[in-house]
Amino acid sequence: MPDSLTRESTTTSVLLLATTPACRLHSGDGTLLDRLGDQLATLPVREIQVMSAAGGLAADLRGVAKIARTTTGAVAVLPGDLVIHTEALAVLLEHPARGTAALISHDATAGPLRPPVRVEGGRVVAAGSSFHLVPEANATFRGVLQASEADLASLADIAEELAELAEAGKLGPVTPVEAVDLLLVGLVRSGVTVRAMGIGQLHADRVTGQNAADAAVARLAEVDEAKVRLDASVKEDDGFFATFFVSSWTRHLIKPCVRLKLTPNTVTGISAGLALLAAVWFSAGTPAGRLAGAGLLYLSFALDCLDGQLARYTRTFSPLGAWADGMSDRLKEYAVYVGLAFGSAAADVWYLAVAAMVLQVVRHAIDYTYAGAVADAARVGAMWGRPARSLLESQDVRRAPGGMLRLAQRLERDTIARYLKKMIVLPIGERMALIAVTAALWDARVTFLALLGWGGVAALYQLAGRIARSAR
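Residues numbered from 1 in each chain as written. Predicted model: local features only at pLDDT ≥ 70, side-chain atom pairs only at ≥ 80, totals over all residues. Heavy atoms only, no water.

Peer 1: Just to check I follow, could you spell out the environment of L331 for this structure?
Peer 2: Of note, L331 is situated in helix α13 (residues 319-342). Owing to a relative accessible area of 48%, L331 belongs among the partly exposed residues under this scheme. Considering only alpha carbons, one finds L331 and L276, 55 residues apart in sequence, at a separation of 8.8 Å. (Helix = DSSP H or I, 4+ residues; strand = E, 2+ residues; numbered from the N terminus. Buried < 20%, exposed > 50% of the residue type's maximum accessible area, 1.4 Å probe, protein only.)

As structure tokens, this is what we get:
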């Protein structure tokens, strides 16, 4: 029977697989397994179960299946031979969604204890093991797998199927070392959505000998976990204006906000208030008023970035916060449109303001209806049974994207092209900058004409992209 340490305050259980010899290697005053236990004790997990009974791969997998069928809440599975930063564990275990996810590194140098995976759109779409090949792998799995409560039945079924294959000798010379790797392969191939949680500059390595264990522990000390956490709170794939003109300095406000106990929703509210004040100044219609409005709008957008950074740093993001942030963005932008129109003496500005607002509504509809259609398709697939690939197939087959999507993927590899591509769609950062600059230097009429011109090109670009992806 597994040993357990219970915490009632959270809903995640951790299963430590202690059946590999390396988990008993020395690390400080104890073993690697002891070290992992101490790290997990500092994180919000409800229960730590150590599976230490010998019996081979099949026994381990049946143990995972039994726990998955009898527990409630999310379950994380970790090998006992793992040397990892505590912050890397927290990336997965402290995520409030408690979703199905795997810890990965975008270092694609695969090895015996670093199985290759392919990540697309933040999801693991193909996973490897000693006999599962992954064409075009772009990351490696680092041994930490979590299954959400909704996916526990799938995890149990996969673990039992793998156990039967192992007992029948159909998996080949596979040892308990690959238990977690095979579970990830099974989840991905069965159609379960597995989020890819990147460790960034942090380390997570599985080891086989004492020298490797000592070297892995020494590597951990080379990284400042607090700095990495701060860096990770800033979005890597943000737009050009947000990245270089806002996030470059708002990141320094994160820790003061934490000390002041400001919540992300509070920052969102302050951002909305500043935007409404900007609209009031714009409505004055004077050069000084437009200049003041532009400054307030810039500060409002800066706080709009800060609330997300604070949410990621404190890991307090929620569906309510995301909804409030999205609604606030729409409210702020349309309030500024109204303020600019009120402050203009030109007769046609109100028509231009309404046209700009309608264009933005259409652009949001293109985005959100497409995302909704993708989600609906996934739910229908889950309801009627998605086609699963056999666990005995040795290779994941990937359908090549079409010409336009292939070109888009190539552009993503080039930094300048990637930022140009993001700017084309006129994201909120570029829109706020466009409004502020044109209003401060010229007038509302120029602002709306610029929004309609650039926004129209962005709408056509988005529409073409959604059509191409839908056809694929």
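Having seen the model, we can carry on.
Peer 1: Can you walk me through the side chain of S129 in this structure?
Peer 2: In this structure, S129 sits in the loop between β10 (123-127) and β11 (139-147). Since its relative accessible area comes to 11%, S129 is described here as buried. Here S129 is in contact with P115, E178, L182 and V185, once residues within four sequence places are set aside. (Contact = heavy atoms within 4.5 Å.)

Peer 1: Any chance you could explain the packing of α13 against helix α18 (residues 444-471) here in plain terms?
Peer 2: Interaxial distance between α13 and α18 falls to 9 Å at its minimum, and their mutual angle equals 140°. When the interaxial angle is binned, α13 and α18 end up oblique. For the pair formed by α13 and α18, the contact residues are Y337, L340 and A341 on the first element and A444, T447, F448 and L451 on the second. In terms of residue class, the contact of α13 with α18 is made up of six nonpolar, one polar and no charged. (Axes fitted to C-alpha atoms, helices over the stretch in contact; angles between N-to-C directions. Parallel < 35°, antiparallel > 145°, perpendicular 65-115°, else oblique. Nonpolar A, V, L, I, M, F, W, Y, C, P; charged D, E, K, R; others polar.)

Peer 1: Got a minute to help me understand a nonpolar patch on the surface in this structure?
Peer 2: On the surface, a cluster of nonpolar side chains totalling about 390 Å² of accessible area is made up of V437, L441, W442 and V446. Its place among the elements puts W442 in the loop between α17 (428-441) and α18. Judged by relative accessible area, W442 falls into the partly exposed class, the value being 48%. (Patch = residues over 30% accessible without salt bridge, like charges linked within 9 Å, V, L, I, M, F, W, Y side chains within 5 Å. Areas by Shrake-Rupley, 256 points an atom, 1.4 Å probe, with all protein chains shown as cover. Salt bridge = Lys/Arg side-chain N within 4 Å of Asp/Glu carboxyl O.)

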